[in-house]
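These are the residues of each chain, in order.
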Amino acid sequence: MTASHGFLADVTNMFNDAAKIMSLEEGLAEKISVCNTTLTTRFGVRLRGKMHTFEGWRSVHSNHPSPAKGGIRYAPYANLEEVEALAALMSYKCALMDLPFGGSKGALKIDPSEWAPHELERITRRFARELARHDFLSPSQNVPAPDVGTNEKTMIWIADEYRQMKSSDINANACVTGKPIAMGGIEGRIEATGRGVQYAIQVFFQTPEDIAKTGLPDRLEGRTVVIQGLGNVGYHAAKFLSEEDGCKIIAVVERDGSVRNPDGIDIEALHAHMVETGGVSGFAGGEYDSGSALSDACDILIPAALESAIHDGNAHEIKAKMIVEAANGPITYAANTLLRERGVVIVPDLYANAGGVTVSYFEWVKNLTHIPFGLMERRRDEQGNRMLARQIESMTGHQFPEGAETFLDGAREIDLVRSGLDDKMRSAYGEMSRLWNSSDDIPDLRTAAYIIAVRRLADIYKALGIGG
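Throughout, residues of each chain are indexed from 1 in the direction in which the sequence is written. Local features are withheld for residues below a pLDDT of 70 in this predicted model, meaning they are given only at 70 or higher, and side-chain atom pairs are given and counted only at 80 or more; totals for whole chains, interfaces and linings count all residues. The side-chain figures draw on all heavy atoms in the structure; neither hydrogens nor water molecules are used.

**Things to note about the overall build of the protein**
Assigned secondary structure in the protein consists of 16 helices and 12 strands. Both definitions apply: the radius of gyration is a C-alpha atom measure, and the globule rule equals 2.2 Å times residues to the power 0.38. Over its C-alpha atoms the protein spans a radius of gyration of 23 Å, differing by no more than 12% from the 23 Å that the globule rule assigns to 468 residues. If you line up the protein on its principal axes, its C-alpha atoms span 75 × 55 × 55 Å. Type-normalised accessible area, obtained with a 1.4 Å probe on protein chains alone, sets the label of each residue: buried when under 20%, exposed when over 50%, and partly exposed for intermediate values. Counting every position in the protein, which comprises 468 residues, the buried fraction comes to 54%. Taking the intrachain contacts of the protein between residues at least 6 apart in sequence as the baseline, contacts between residues at least 24 apart amount to 70%. Residues scored as positive are Lys and Arg, those scored as negative are Asp and Glu, and His as well as the terminal groups of each chain are ignored. Where a charge sits is defined by one atom per residue type, namely NZ (Lys), CZ (Arg), CG (Asp) or CD (Glu). Here the protein contributes 49 positive and 63 negative side-chain charges, whose respective centroids are spaced 5 Å apart. Secondary structure elements are defined from DSSP: runs of H or I of at least 4 residues count as helices, runs of E of at least 2 residues count as strands, and each element is numbered from the N terminus. Any two residues having at least one pair of non-hydrogen atoms within 4.5 Å are treated as being in contact.

Right, dumping it as structure tokens:
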């Protein structure tokens, strides 16, 4: 069985565990579990004096509700099974977070490093035309976002191609999310998934009955963290946890090896080194070796790379007391069972990784309303806050303390985005934790998360008359 086949089977098995506890009727469980539609497209682009054929996919796991939402990745290993697994995970993620999206995912089998930017643009625009032509790209039906191997520039190429095809669509900008600010994006989108990981860990440490199951102190400050993958998600999670929460990032695992520092790694310095050199080797702020630090002793392990990083072959080596899945599917079904039996608490991907799609939802709403968040109320709130501060100063005879600008100033878009994301992460975690602690039949947070997600999807299907 290939890794992608294993990934799809893992997601299905995790779904089945929840469905059995819920006693879903067999037909409805199967309907929710399988992908609704998958497009396979093979198209040609003339580059470097010859025709090149590219293969891509876009899968819709669920389009109830609509639109379907999910990233597009560019990778040489991309395949249909991986895309369908990621689409299913996206459905459950959106349902858990109570977002008005179905789940979708896309991929192009390509190594971006082998092509110049202008070549990638031509390939991307051709792919976008294929997606739009088959109704797999539109603000109301299917809304992609960046993923592995793609970025905000990729999204702009897709959006611009869609606008040219649908010039009368006033909401065309909402056909993708993860765009640059200047082109309809939203502040905080680049950091969103990493920020969501931080909020997930914060709320976990604020839940006494859950933190007690790890044996860790109930303070986040001083906790030791190992990060696997210092890409966009891992970098931001590590940055926020170390700079804002006082965690020590004692090891970072990358493709070329690991770097360790028991006193804590300077994440900004390591990130700058990686941008310059392409890896962690040679970094002066820690000890490097070519092996993996996944099995290092730590309080929190954050796998933030690709799926199946922790499997039944290495799960027994994991020494972390808790694992936070910042990537999609980094722990296989078999490894999840082994770690749970050992008492390792896992904060699952469909929750911990949900910051990106949550802020994508904010961007989509911003594009549909054609107005920035905070525009109508910021100055009014600022006036009211400053008037209140003056009244307090007058009544007490004391000046308002320094550093109170966050209260005195009206909320900016980034403040509102972070506030909204924090609220969604807290709300979803509260539901998961209450369910986990309410029944001995629910063995972990992952099963609780799946039950909440599947229940919402089942209710939608039943309301539509599709389920019994």
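Text resumes after the structure shown.
**A word on the environment of N261**
Structurally, N261 can be placed in the loop between β8 (257-260) and α9 (267-277). In this structure, N261 is in contact with I249, I250, G285 and G286, ignoring residues within four places of it in sequence. Within the local environment of N261, its side chain forms a polar contact with the backbone nitrogen of D263, the two atoms lying 2.9 Å apart. Here a polar contact is taken to be a pair of N or O atoms separated by no more than 3.5 Å, where protein atoms must pair a possible hydrogen donor with a possible acceptor and residues adjacent in sequence count only if both atoms sit in side chains.

**A short note on the environment of V197**
With respect to the helices and strands, the residue V197 is situated in helix α6 (residues 192-205). Accessibility expressed as a relative area gives 0% for V197, which makes it buried. The spacing of V197 and V347 is 150 residues in sequence and 9.6 Å in space, taken between C-alpha atoms. When sequence neighbours within four positions are dropped, the list of residues in contact with V197 reads V233, A237, I302, V324, A326 and A352.

**Notes on the nonpolar core**
The set of buried Ala, Val, Leu, Ile, Met, Phe, Trp, Tyr and Cys residues whose side-chain atoms join them within 4.5 Å is what this entry labels a nonpolar core. I32, Y92, I302 and Y351 are the most contacted members of the largest nonpolar core, which totals 90 residues. The residues touching I32, leaving out its near neighbours within four places in the chain, are F15, L24, H61, Y92, V454, L457, A458 and Y461. Core analysis: the second largest hydrophobic core is formed by 28 residues, L39, A128, A172 and V176 among them.

**Focus: the side chain of N142**
Within the fold, N142 resides in strand β5 (residues 142-146). On the accessibility criterion, N142 (1% relative accessible area) is buried. A polar side-chain atom of N142 sits 2.7 Å from a polar atom in the side chain of R58. In this structure the side chain of N142 is engaged in a polar contact, spanning 3.2 Å, whose partner is the side chain of S104. Apart from residues no more than four positions distant in its own chain, N142 is found in contact with R58, V60, P67, A68, S104, F136, L137 and C175.

**Digging into the packing of α6 against helix α15 (residues 413-436)**
The angle between two axes is taken between their N-to-C directions and runs from 0 to 180 degrees, where each axis is a line fitted to C-alpha atoms and a helix contributes only its stretch in contact. Following both chains from N to C, one finds α6 and α15 inclined at 45°, their axes separated by 9 Å at the closest point. Put simply, α6 runs oblique to α15. Helix-helix and strand crossings are classified by hand; for α6 and α15 the assignment is right-handed. Between α6, through A192, R195, G196, Y199, A200, V203 and F204, and α15, the contact on the second element is made entirely by R418, L421, D422, M425, R426 and Y429. Any residue that is not Ala, Val, Leu, Ile, Met, Phe, Trp, Tyr, Cys, Pro, Asp, Glu, Lys or Arg is counted as polar, Gly included; the first ten are nonpolar and the last four charged. When the residues that make up the contact of α6 with α15 are grouped by side-chain class, the tally is 8 nonpolar, 1 polar and 4 charged. Convention used here: angles under 35 degrees read as roughly parallel, angles over 145 as roughly antiparallel, angles from 65 to 115 as roughly perpendicular, and any remaining angle as oblique. When the near helix sits turned anticlockwise from the far one by under a right angle, the crossing is termed left-handed; a clockwise turn instead gives a right-handed crossing.

**Describing the pattern of salt bridges**
When their charged atoms lie close together, side chains carrying opposite charge are able to pair. When a carboxyl oxygen of Asp or Glu lies within 4 Å of a side-chain nitrogen of Lys or Arg, that pair is called a salt bridge. Counted by the stated rule, this structure contains 32 salt bridges. Between D160 and R125 there is a salt bridge; the shortest N-O distance is 2.9 Å. Here R125 lies in helix α4 (residues 117-133) and D160 lies in helix α5 (residues 152-165), a separation of 35 residues in the sequence. D160 is paired through a salt bridge with R163; the nearest N and O atoms lie 3.5 Å apart. Of this pair, D160 and R163 both sit in helix α5, separated by 3 residues, roughly a single helical turn. Each of E121, R125, R129, D160, E161 and R163 takes part in one network of salt bridges that share partners.

**With respect to the pairing of β5**
The element β5 is extensively covered by neighbouring structure, given that 4 of its 5 residues are classed as buried. Here, strands pair whenever DSSP counts at least two bridges between them. Inspection of the sheet shows strand β3 (residues 68-75) paired to β5 by 5 bridges, in the parallel sense. Residue pairing for β5: G70 is matched across the bridge by P144.

**Focus on the sheet that holds strand β4 (residues 102-109)**
The sheet built from 5 strands is open, its strands ordered β1-β2-β4-β3-β5 with mixed pairing. Strand pairing shows two members of the sheet lacking a second neighbour, β1 (37-47) and β5, which therefore form its edges. Adjacent strand axes in the sheet meet at a mean angle of 25°, parallel and antiparallel pairs treated alike. Most of the contacts of helix α3 (residues 80-96) go to β4, to which it runs at about 155°, and overall it touches β1, β2 (50-60), β3 and β4. Along the sheet, α4 contacts β1, β2, β3 and β4; its crossing angle with β1, the most-contacted strand, is approximately 140°.

**Concerning the environment of L220**
Structurally, L220 can be placed in the loop between α7 (208-211) and β6 (224-228). Since its relative accessible area comes to 11%, L220 is described here as buried. The sequence separation of L220 and L241 amounts to 21 residues, and the corresponding C-alpha distance is 8.8 Å. Among residues more than four places away in sequence, those in contact with L220 are I201, Q202, F205, L241, D245, C247 and I300.

**A look at the packing of aromatic side chains**
Ring geometry is summarised as follows: Phe, Tyr and Trp rings, the Trp one being its six-membered ring, pair when their centres sit within 6.5 Å, and such pairs are stacked at plane angles under 30 degrees, edge-to-face over 60 and tilted between the two. Scanning the model with the defined rule gives 11 aromatic pairs in all. Ring plane angle 55° and centroid distance 5.3 Å describe the contact between Y92 and Y450, whose orientation is recorded as tilted. Here the residue Y92 occupies a position in helix α3, and Y450 occupies one in helix α16 (residues 445-463), the gap between them amounting to 358 residues. Each member of the pair, Y92 together with Y450, is buried. A ring pair is formed by F204 and F205, whose centres lie 6.0 Å apart and whose planes are at 70°; its orientation type is edge-to-face.

**With respect to the sheet that holds β6**
Strand order in the open sheet formed by 7 strands is β9-β8-β7-β6-β10-β11-β12, with mixed pairing between adjacent strands. Sheet topology places β9 (287-289) and β12 (345-347) at the edges, where each strand pairs with a single neighbour. For this sheet, the mean angle separating the axes of adjacent strands, direction not counted, is 15°. Relative to strand β11 (residues 322-324), strand β10 (residues 300-303) runs parallel, the two being bridged by 2 bridges. By the bridge assignment for β11, L301 is matched with I323.

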